[in-house]
Amino acid sequence: MNGRKVVIIGGSITGLTGALALKAQGFDVTIVERDRSPGDSVQPATSNTWTRRGALHALQPHVLTARLRNKLHEWYPELVEDLLDAGAWEQSFEDTIHPDLAPGYHAPPGAEPISVLMSRRTTLELVMRRHVERRGVATFLAGTRVTSLLIEGDEAPIAARGVRIDDGEGERDLSADVVIDASGRTTKFANALRTAGAVITDEYHASNTVYYARHYRLKPGKTFPSTYGLPGVMFGDMVFAALPADNGAMIVTLAVFKDDPLLYEAAGRLEVFEEIARRTPRVAAWVDPSVSEPTSAVMSWANMDFLWRTTLADGAPQVLGFFFAGDTTLRSNPKYGRGCTCGTIGSHILAETLASVSDPAKRALRYEAALRETFRREWEDLLAVDRRDYARFEAAAGIRPMSFGEALQSRLQDHVLRRAMVIDPHVQRKIMKGFFGLEDASAWTKDPVTWLRIAAAALPIHGKDMFKEFTMRPSRQEMQTLIER
Ligand SMILES: Cc1cc2nc3c(=O)[nH]c(=O)nc-3n(C[C@H](O)[C@H](O)[C@H](O)COP(=O)(O)OP(=O)(O)OC[C@H]3O[C@@H](n4cnc5c(N)ncnc54)[C@H](O)[C@@H]3O)c2cc1C
C-alpha cells in the first residue's frame, strides 16, 4: 500500500501495541527489535527467565492501571483473553475493600468498574508478543538492531526515509514512509535528529527514587494473603508493596531515595531487605516462608525520571515522517505506574493520527496536540506529587525540616492514604480512580463530598485495628541497628 509502510524501532509494550493499532488501520508494519525472540521454553509461568537485555526493567514490578485494562478490553479483547488464559487476572475494586466493610458496601449506581490487571510485566509482554506474531500483525525482525536513521535534508524540517539495521550478518537499509521510535528510555535517536539539524526539546526531572525488588512464588496449596487499600504502604522515607501477579508469582518492592544516607544501597542488601519486610506488617505476610519462597535476588533500579519531549520548535515540526512513542516521548516516575498505559494509549493515538491525516507536517502537529490533550495534565499532577514526596522524604530522613505548608500537606496525605481510605470505601473508590488512571490523580481534591468523608474519618469512632497496619514499620533507629549488624 503506497505511503503506508511503517517501521517501528523496538518490539516492547509500545512497539507491540503500536503494531496492533496500525495494522487495524491498514498499515504495513515492520518491527525491528534488538533482543532475540524468547525460545519455546519461555512460557507465561516462567516468563521471568526471558532475557530482556534491551528492557532490563521488565523484571521490576509493574502495576497495570485500570485505564490500561479498560482500553485493552475495548481495543483488543482477544489479547485480554490470551492474557487471562496465560494466568494474568483481574482484581476489582471490591476485592480491595477492608474485609469488615466489604459486605455492606454498594457501588454508587452506574459507577464505572475499577479493575486492574495483575501480571508480571514479562508475562504481559510475552503474551502480547506471541499474540502479534501468531496473527501476522507485523513482520518481526528479532535479534536486529537499528543502527541509524535514514534522513533527508540538513536543516529543519528534516525527513526520515527509513532506518539502517544490523542483524548480526551485516548492515542493510530498510526504507519506510513512517519511522516510529519505540526504543525506550535509552533511545539514541533524539540525539541523532539533533545532530542532523532538528531542534528536539526535552523537559526533564530526575526523581531520586530507587527500587529494590525481589520475586517470590507461592508455595503449593497457598493463596495470596488478603489485602485491602492501596497495594502498598507509604511512608515519607520508603514505600513498601507486595504485588500479586500471574501464576502464583509476586513481587515485593521497597522504594527509597538516592539521597537517603541510611537506606540507599543498604536497603538492597538481601538480609536488610528481608528483615525490613518481616517487620512491616503490610508485607510480612507475603514473605512468610510458610507462604512463599524467593525466586530472585534483590534487584535494584535507580533511573526514575520524568520526560516530556517535543519535536516542535516555535510550533513548527522539526522532523517529518518520524515519531517518538512510549518512553521515548513521555514518561513519569515509574512509582506511579503509568508507563505501559501511556505507551499503549499513545501508540493508539499515533495510529489514528496517521490514518486520518496524510500531510507529514500536519501529522506531527496533530499527534503532539493529542498527546498533550490526553496526558499533559496528569503528567504535571504526578510531577507535583513527586516533588511533594521528596519534601516528605527530606523531613523523614532529617535532611531539612518541612515548612508549615509542607507539614500540613504531609499530615493530610497520611490521614487520607492510611486512614480515611481504609475505613471509608467511598473515599477509597475516589482515590483509586485517580491512582489507577481513570480520572486525574488530583480529581478527589475537587470533590466536596470526598472532603466531608475525609473529615469524618478523623472521628475517633473508628476501630484503630482497621488501619493500624498502615502505620506499622521499623523505625529509622531500628533500621540503622539492622544495617550496622
Ligand atoms: C523500575 C520500573 C518500574 C516500572 N513500573 C511500571 C508500572 O508499575 N506500570 C507501568 O505501566 N509502567 C511501569 N514502568 C514503565 C514501563 O516499564 C515503561 O513505560 C515501558 O517499558 C515502556 O515501553 P516501551 O515499549 O516504550 O519501551 P521499552 O519497554 O523500554 O522497550 C524498548 C525496546 O526497544 C528495543 N530497542 C532499543 N534500542 C533498539 C535499537 N537500536 N534497535 C532495535 N530495538 C531496540 C529494546 O530491546 C526494547 O525491547 C516501570 C519502569 C521501571 C524502570
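Residues numbered from 1 in each chain as written. Predicted model: local features only at pLDDT ≥ 70, side-chain atom pairs only at ≥ 80, totals over all residues.

Can you break down the overall build of the protein residue by residue, with the values?
Looking only at helices and strands, the protein has 13 helices and 22 strands in total. For the protein, the spread of C-alpha atoms along the principal axes amounts to about 70 × 50 × 50 Å. The buried share of the protein, taken over its 485 residues, is 45%. Sequence-distant contacts, at least 24 apart, represent 73% of the contacts inside the protein between residues at least 6 apart. (Helix = DSSP H or I, 4+ residues; strand = E, 2+ residues; numbered from the N terminus. Buried ≥ 20, exposed ≤ 12 C-beta atoms within 10 Å, placed from the backbone. Contact = placed C-beta atoms within 7 Å.)

So what about the site of the ligand? Which residues, and what values?
Looking at the ligand, there are 36 residues lining it, with Gly10, Gly54, Gly184, Gly326 and Gly339 nearest. When residues in the shell around the ligand are grouped by element, the largest group, four residues, is from helix 8 (residues 339–356). (Near = placed C-beta within 6 Å.)

Describe helix 11 (residues 425–435), listing the residues and the values that go with them.
Counted residue by residue, helix 11 has nine buried out of 11 residues, so it is predominantly covered. Along helix 11, the residues classified as buried are Pro425, Val427, Gln428, Arg429, Lys430, Ile431, Met432, Lys433 and Phe435. Looking at the buried positions of helix 11, the neighbouring elements they touch are helix 10 (404–423) and helix 12 (448–456). Looking one or two places after helix 11, you find Gly437, whose phi comes out positive at around 80°.

So what about the nonpolar core? Which residues, and what values?
Formed by 125 residues in total, the largest nonpolar core has its most connected members in Val179, Ile180 and Val252. Per element, the largest residue contribution to this core is eight residues, and it comes from strand 14 (residues 249–257). Dropping the residues within four chain positions of it, Val252 is found in contact with Ala213, Arg214, Tyr216, Ala242, Ala277, Val283, Trp286 and Val287. (Core = buried A, V, L, I, M, F, W, Y, C linked by C-beta atoms within 7 Å.)

So what's going on with the sheet that holds strand 22 (residues 330–331)? Which residues, and what values?
Two pairing modes exist for strands in a sheet, parallel and antiparallel, and in both the strands are linked by backbone hydrogen bonds. Spatial ordering of the open sheet is given by 10-17-22, a layout of three strands whose pairing is antiparallel. With partners counted over all chains shown, the strands left at the sheet margins are strand 10 (201–206) and strand 22, one partner each. Across six bridges, the pairing between strand 10 and strand 17 (residues 305–310) is antiparallel. By the bridge assignment for strand 17, His205 is matched with Phe306. (Pairing = 2+ DSSP bridges.)

Hey, could you go over the pairing of strand 9 (residues 178–181) for me, with residue numbers and the actual values?
Judged by which residues are buried, strand 9 turns out to be covered on both faces: Val178 and Ile180 on one side and Val179 and Asp181 on the other are all buried. Looking at chain direction, strand 1 (residues 5–9) and strand 9 are connected through four bridges and run parallel. Paired with Ile8 across the bridge in strand 9 is Ile180. Alignment of strand 9 against strand 21 (residues 322–324), held across three bridges, turns out to be parallel. Each residue of the ladder has a partner; that of Asp181, found in strand 21, is Phe324.

So what about the domain arrangement of the protein? Which residues, and what values?
Examined at the domain level, the protein breaks down into domain 1 (5–204 + 304–381), domain 2 (208–301) and domain 3 (404–484). One C-alpha centre belongs to domain 1, the other to domain 2, and the line joining them spans 28 Å. With 23 residues of domain 1 in contact, the opposing surface of domain 2 contributes 21 residues. Here the side of domain 1 that touches domain 2 is composed, by residue class, of 12 nonpolar, nine polar and two charged. (Domains from an automatic or database assignment. Nonpolar A, V, L, I, M, F, W, Y, C, P; charged D, E, K, R; others polar.)

Lay out the packing of helix 2 (residues 66–75) against helix 8 with the relevant residues and their values.
Interaxial distance between helix 2 and helix 8 falls to 9 Å at its minimum, and their mutual angle equals 35°. Here the hand of the crossing between helix 2 and helix 8 comes out left-handed. The residues of helix 8 that touch helix 2, namely those facing Arg67, Leu68, Lys71 and Trp75, are Cys340, Thr341, Thr344, Ile345 and His348. Split into classes, the residues belonging to the contact of helix 2 with helix 8 amount to four nonpolar, three polar and two charged. (Axes fitted to C-alpha atoms, helices over the stretch in contact; angles between N-to-C directions. Left-handed = near helix turned anticlockwise from the far one by under 90°.)

Describe the sheet that holds strand 1, listing the residues and the values that go with them.
Spatially, 5-2-1-9-21 is the arrangement adopted by the five strands of the open sheet, whose pairing is parallel. In this open sheet, the two strands that pair with only one neighbour each are strand 5 (139–142) and strand 21. Across the sheet, the mean angle from the axis of one strand to that of its neighbour is 15°, orientation sign disregarded.

Please set out the packing of helix 3 (residues 77–85) against helix 4 (residues 121–134) residue by residue, giving values where relevant.
Contact geometry of helix 3 with helix 4 gives a least axis separation of 10 Å together with a crossing angle of 130°. If you check the angle between helix 3 and helix 4, you find them oblique. Here helix 3 runs over helix 4; the crossing is right-handed. Of helix 4, the residues touching helix 3 (which contributes Leu79, Asp82 and Leu83) are Leu124, Val127, Met128 and His131. Along the lines of polarity and charge, the residues of the contact of helix 3 with helix 4 split into five nonpolar, one polar and one charged. (Parallel < 35°, antiparallel > 145°, perpendicular 65-115°, else oblique.)

Mind laying out unusual backbone geometry, listing which residues take part and the relevant values?
Across the junction of Ala156 and Pro157, the peptide omega takes the value -5°, indicating a cis bond. Mapping Pro157 onto the fold places it in the loop between strand 6 (145–152) and strand 7 (158–166). The phi torsion at Asn247 lies on the positive side, around 50°, for a residue other than glycine. The residue Asn247 is located in the loop between strand 13 (239–244) and strand 14 in this model. Taking the C-beta count within 10 Å as the criterion, Asn247 has 18 such neighbours and is therefore assigned partly exposed. Backbone geometry at Asp314 places phi at a positive 50°, although glycine is not the residue there. Tracing the backbone through its elements, the reader meets Asp314 in the loop between strand 18 (312–313) and strand 19 (316–317).

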